[in-house]
Amino acid sequence: MNEEAAVAAYPALAGVVALREAGWTFVHRNVVDHVPTTIEGFRLWPGGWIDAVRVLGDAEAMALRTDSSEPPGIVWEKTGTLADVTEALQTLPAPDHPLAPRLVRGIGPTLRITMTWNGVTR
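Here's a quick rundown of the structure. (Residues numbered from 1 in each chain as written. Predicted model: local features only at pLDDT ≥ 70, side-chain atom pairs only at ≥ 80, totals over all residues. Heavy atoms only, no water.)

1. Some details on the packing of helix H2 (residues 13-21) against helix H3 (residues 82-91)
Part 1: Contact geometry of H2 with H3 gives a least axis separation of 8 Å together with a crossing angle of 25°. What the angle tells us is that H2 and H3 run roughly parallel. Handedness of the H2/H3 crossing: left-handed. For the pair formed by H2 and H3, the contact residues are Leu-13, Gly-15, Val-16, Ala-18 and Leu-19 on the first element and Leu-82, Thr-86, Leu-89 and Gln-90 on the second. (Axes fitted to C-alpha atoms, helices over the stretch in contact; angles between N-to-C directions. Helix = DSSP H or I, 4+ residues; strand = E, 2+ residues; numbered from the N terminus. Parallel < 35°, antiparallel > 145°, perpendicular 65-115°, else oblique. Left-handed = near helix turned anticlockwise from the far one by under 90°. Contact = heavy atoms within 4.5 Å.)

As structure tokens, this is what we get:
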């Protein structure tokens, strides 16, 4: 299914397309019969800020922004329908904007990337 057909079948995906066009990167971790069952995306900002979104379906999505501390502090989050969450992300001010959220409301998971190079895992 191409992007145009997917948006026609599931109009809420238009928000995901808009995020991608704004510089987001998306990964599809769970795919069944060539169709993603979960969509996850992120946007990296200067200064170590990260926006992230997870979509489980048209009616179930969540997003958050973390700061650059370790472990990362959650400064903004939104749950709801895919349309609500993508709209909120599109209107969320950039981290360097005076009205951007900065107060840490919770602690996020530590991102750990494991790589194997020449038989050595790090």
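So much for the structure itself; the text now carries on.
2. Concerning the side chain of Asp-67
Part 1: Within the element layout of this structure, Asp-67 appears in the loop between strand S4 (60-66) and strand S5 (73-80).
Part 2: Arg-102 provides the closest opposite charge to the buried, salt-bridge-free Asp-67, at an N-O distance of 8.6 Å.
Part 3: Within the local environment of Asp-67, its side chain forms a polar contact with the side chain of Ser-69, the two groups lying 2.7 Å apart.
Part 4: With residues up to four places along the chain from it excluded, the contact list for Asp-67 reads Gly-48, Trp-49, Pro-72, Gly-73 and Val-104. (Buried < 20%, exposed > 50% of the residue type's maximum accessible area, 1.4 Å probe, protein only. Lys, Arg positive; Asp, Glu negative; His and termini not counted. Salt bridge = Lys/Arg side-chain N within 4 Å of Asp/Glu carboxyl O. Polar contact = N/O pair within 3.5 Å; in protein donor to acceptor, adjacent residues only side chain to side chain.)

3. Regarding the pattern of salt bridges
Part 1: Scanning all chains against the criterion turns up two salt bridges.
Part 2: A salt bridge links Asp-51 to Arg-65, with the nearest nitrogen and oxygen atoms 2.5 Å apart. Linking Asp-51 in strand S3 (residues 50-57) with Arg-65 in strand S4, this pair joins segments that are 14 residues apart in sequence.
Part 3: The exposure class of Asp-51 is buried, given its relative accessible area of 2%.

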